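As a plain string of letters, each chain reads:
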Amino acid sequence: MISAFFIFNQKGEVLISRLYRTDLKRSIADVFRIQVVSNSDVRSPIITLGSTSFFHVRVNNLYVLAVTKNNANAALVFEFCYRFISIAKSYFGKVDEESVKSNFVLIYELIDEIIDFGFPQNSEIDTLKTYITTEGVRSSASEEPSKITIQATGSTSWRRGDVKYKKNEAFVDVVETVNLLMSATGTVLRADVDGHILMRAYLSGTPECKFGLNDKLVLDKGDRVPGGNAVELDDCRFHQCVRLGQFDSDRTISFIPPDGEFELMKYRSTTNVNLPLRVLPTITENGTREVSYIVTVKANFNSKLSATSVMLRIPTPLNTTTVDCKAPNGKAKYVPAENVIVWKIPRLQGGSECSLTGTAALTAVTHRQAWARPPIDVDFQVLMFTASGLLVRFLKVFEKSNYNSVKWVRYLTKASSSYQIRF
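Residues numbered from 1 in each chain as written. Predicted model: local features only at pLDDT ≥ 70, side-chain atom pairs only at ≥ 80, totals over all residues. Heavy atoms only, no water.

1. Observations regarding the overall build of the protein
- Along the backbone of the protein there are 7 helices and 26 strands.
- Taking the principal axes of its C-alpha atoms as reference, the protein extends roughly 80 × 60 × 45 Å.
- Across the 423 residues of the protein, 48% fall into the buried class.
- Sequence separation of at least 24 residues holds for 69% of the intrachain contacts in the protein that already meet a minimum separation of 6.
- When the accessible area of the protein is evaluated, it comes to approximately 21500 Å², of which 49% is carbon and sulfur surface. (Helix = DSSP H or I, 4+ residues; strand = E, 2+ residues; numbered from the N terminus. Buried < 20%, exposed > 50% of the residue type's maximum accessible area, 1.4 Å probe, protein only. Contact = heavy atoms within 4.5 Å. Areas by Shrake-Rupley, 256 points an atom, 1.4 Å probe, with all protein chains shown as cover.)

2. Some thoughts on the packing of aromatic side chains
- By the definition in use, this model includes 14 aromatic pairs.
- Here F5 and F84 contribute two aromatic rings whose centre-to-centre distance is 5.1 Å and whose plane-to-plane angle is 70 degrees, an arrangement assigned as edge-to-face. Of this pair, F5 sits in strand β1 (residues 4-9) while F84 sits in helix α2 (residues 74-92), placing them 79 residues apart in sequence. Each of the two residues, F5 as well as F84, counts as buried.
- Relative to F32, the ring of F8 has its centre 5.0 Å away and its plane inclined at 40 degrees; by these criteria the two rings are tilted. On the criterion of sequence distance, the pair formed by F8 in strand β1 and F32 in helix α1 (residues 28-37) is long-range, its members being 24 residues apart. (Phe/Tyr/Trp six-rings, centres within 6.5 Å; stacked < 30°, edge-to-face > 60°.)

3. Examining the sheet that holds strand β19 (residues 320-326)
- If you walk across this open sheet you meet the 4 strands as β16-β17-β22-β19, and the pairing is antiparallel. At either end of the open sheet lies a strand with only one pairing partner, and these are β16 (277-286) and β19. For this sheet, the mean inter-axis angle between neighbouring strands, taken without regard to orientation, is 15 degrees.
- Pairing of β19 with strand β22 (residues 353-362), which is carried by 6 bridges, proceeds in the antiparallel orientation. Pairing of T320 across the sheet is with L362, part of β22. (Pairing = 2+ DSSP bridges. Axes fitted to C-alpha atoms, helices over the stretch in contact; angles between N-to-C directions.)

Below is the structure:
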């Protein structure tokens, strides 16, 4: 699949390099340095030069690069790059130049373990950690090799069977990111939800978990009922531990969970999206020297819930000199370096609304250009609310020793620079 793997710093210096096939030479790194690292105009993560393709991912101040001369599956190559980053984070936290240099030996040990002749092999973090320690030294325990072999080749390679906890707990987080683009007339141009179901399983033994979602859950477009209130998901991706056959039959997710934290499910929804906040902007240009602002935020969810860390970034014209704004709720200030009014509301109760009023004074310009009016950006977090309507009906844990376990479910809907309102 891939012929070479590199990690570059932002100067184009090679920190890590490994060639897996003879169809490339180490000098291929110079081509990437010249064509991508030194060229600020390159934005595509895939560059093809002749018969050679470069797939790169930026993380902090590093380039993680995979090179191939074959017609490789691009999605698979990027999945490997992101999986490597996840593995690196689990071993030494933040992935940056300093941490790569500090964990030089460990990284080579990891990439030699997870790739063989250019093909990805075992990339399960729990399995890798059984025989590659954080110091990069292999375990010296005499009985470990047999356990490692069973875990790596058995039916549940993602979990060891001898895990023990004094207190058995399972935490489920349903985290949704809302993406919205609304027109100046209030029409929704685009609204979708990117969802993740994250789980932290601290359970002894080899438990069987059953996880139920909404009764009215539609995955196939052909099953949709016009005017129905079903939760419709456009696509789902599950962790390898999930038994897909049972999910297709009764929408129950049955699985033996990995130990610790993992992503159980990813999904996307583009229909029946419940927008948690409604922004009503009235922004008027009064001649050439003044712009008046009246911006109202309404919370469209239950009064028992509240939105936190609400922040609106309201654009101002480029020739703005001063802004006088008043916000009874929260704090608002003009940030001239970014040409925006930043309005921060610590907490917004469900069903309530609050407003900001202000006036921007403009300086005279010789060649006046029409104001582009960039959209208003809204950031927020709402606990115990899902924009897609997805709900966890139940979470059950079965284990042969019949121990009692504590289960927790939390919902979080948020937006960060993806919730935009035109005016």
